[in-house]
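Reading the structure
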Amino acid sequence: MANRTVAIYESTTEGGKQGWLAVEIPEKKPDGSLYMKDNRFGNFHIRWYQGVDANGRPKQHWKKVPATANSLPKLTQAITAKEAKEWELQHPERVKPDTTTGSGQISIAAATFQYLENFAGSKLTIKGHRHALEEFTSWVSCQNVGDITRAMLLRWKDHLVRNGNDELTAVWKLIRINKFYKTILKLPHGAGLIKTTEFKSVLQKKPRIQVYKPEELRQFFAACDERQFVLFQLYYKCGLRNKELAHLEWDDVDLVGRVVEIRSKKAMKNGDEKKQWSPKHGSEGEVALPQDMVPLLEKLKETARCNLLFPTRSGRVNIKLLDQCKLVATRAGLDPSKWKIKSLRSTYATSRLRSGYDIATVREQLRHKDSKSVEHYIDFLKNEDLIKTGAVDKGWDA
């Protein structure tokens, strides 16, 4: 079995002799990218162990990180190459050694590995492209990149929508496959199978807001057990995202200052290994905690078995909190398909706007990058106010 650890080295020359300097990955931004001062150029290589030599010892492999635009590669490219190789070692069954088929064309499987190995971007971006490629590869019937057609891509988009993806998600996956196609075949700008402008109406469409009525919330919370009540009150009264609460630790909760901090951290996920986690789009920040949540959290803390607020029984990050939401909704006699963590976040936003928060404050509490991200909540309330005040019913001449 291969050692899945891949290291980055920089080739150096001193006194006419070549040497190797181990490269440490510097601290990253919240979004997973490097700070500009750390993203330097260098003659980077990656090293890993795979197989054994003639003496039965682990066999060492080296690979040079490819340069771009007639210059040395940047450290981000080296990190991407390292992560791609680690993924290959972890999933050898998904990588085909042959880069071409009998016809001389590059196969989709080999091209996928090549594309991801050289892809420059944050971990979240790479993950999005990898997921789209895995879905497409499992669906498409052709073997070679050159055999992919526009009709195939559009049929795949329809397949995604039929199988639960919303239109926007399906379009973004389509765009990622189109970028893969253009990159592998080295096509010029605008020469892909689709154009982003074709889906302008979908990409610019404002998200549909779903919020819960007071009677629905009362019915839902009445069906919670003691632990679930605290869990979903936090979602509702702090507007947290699903993974933010799943990774929330007691170190992040200031019960005296009544603040919840959302930050990057290492958390227990698989086995005894701690893995780095960062909030979506680097949306770190602090959220005000309502007073009535303090005694609930103090009581929960008394029985805490680890630093996570809502861990699994084995003390790891619980990735199935949404399942609990569905279970509570079913128990309450509500439609479970309509109960989502995202809708509790939307309910928080509209509730705070009704309670006097201005747009800037709501944006800060939700930790969005700009006010445009909260404008759709304003639009939702405008229609509600027109109906509530009766303005929509006044002034008609006929």
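These remarks concern the structure in this document. Everything quoted here is computed from the prediction, not taken from an experiment. (Residues numbered from 1 in each chain as written. Predicted model: local features only at pLDDT ≥ 70, side-chain atom pairs only at ≥ 80, totals over all residues. Heavy atoms only, no water.)

The contact between helix α2 (residues 108-117) and helix α5 (residues 167-185) brings their axes to 11 Å, and the two run at 90 degrees. Between α2 and α5, the angle is such that the two are roughly perpendicular. On α5, the residues touching Ile-108, Ala-111, Thr-112, Gln-114 and Tyr-115 of α2 are Arg-176, Lys-179, Phe-180, Thr-183 and Ile-184. Its residues assigned to classes, the contact of α2 with α5 comprises five nonpolar, three polar and two charged. (Axes fitted to C-alpha atoms, helices over the stretch in contact; angles between N-to-C directions. Helix = DSSP H or I, 4+ residues; strand = E, 2+ residues; numbered from the N terminus. Parallel < 35°, antiparallel > 145°, perpendicular 65-115°, else oblique. Contact = heavy atoms within 4.5 Å. Nonpolar A, V, L, I, M, F, W, Y, C, P; charged D, E, K, R; others polar.)

Attention now goes to unusual backbone geometry. Phi angles above zero are rare outside glycine, and Lys-186 is one such case at about 55 degrees. Within the element layout of this structure, Lys-186 appears in the loop between α5 and α6 (200-203). For Lys-186, a relative accessible area of 73% translates into the label exposed. Positive phi is not limited to glycine here, since Arg-367 has a value of about 65 degrees. (Buried < 20%, exposed > 50% of the residue type's maximum accessible area, 1.4 Å probe, protein only.)

Take the side chain of Asn-178 next. With respect to the helices and strands, Asn-178 occurs in helix α5. A distance of 2.8 Å separates a polar atom in the side chain of Asn-178 from the backbone nitrogen of Leu-193. If we ignore the near neighbours within four places in the chain, the residues touching Asn-178 are Leu-153, Gly-192, Leu-193 and Ile-194. (Polar contact = N/O pair within 3.5 Å; in protein donor to acceptor, adjacent residues only side chain to side chain.)

Inspection of the entire model under this criterion finds 17 salt bridges. When the shortest N-O distance is used, the salt bridge between Lys-299 and Glu-226 registers 2.7 Å. Within this pair, whereas Lys-299 is found in helix α10 (residues 293-302), its partner Glu-226 is found in helix α8 (residues 226-238), the two being separated by 73 residues in sequence. It is possible to trace a salt-bridge network through shared partners that takes in Glu-249, Asp-252, Arg-263 and Lys-265. (Salt bridge = Lys/Arg side-chain N within 4 Å of Asp/Glu carboxyl O.)

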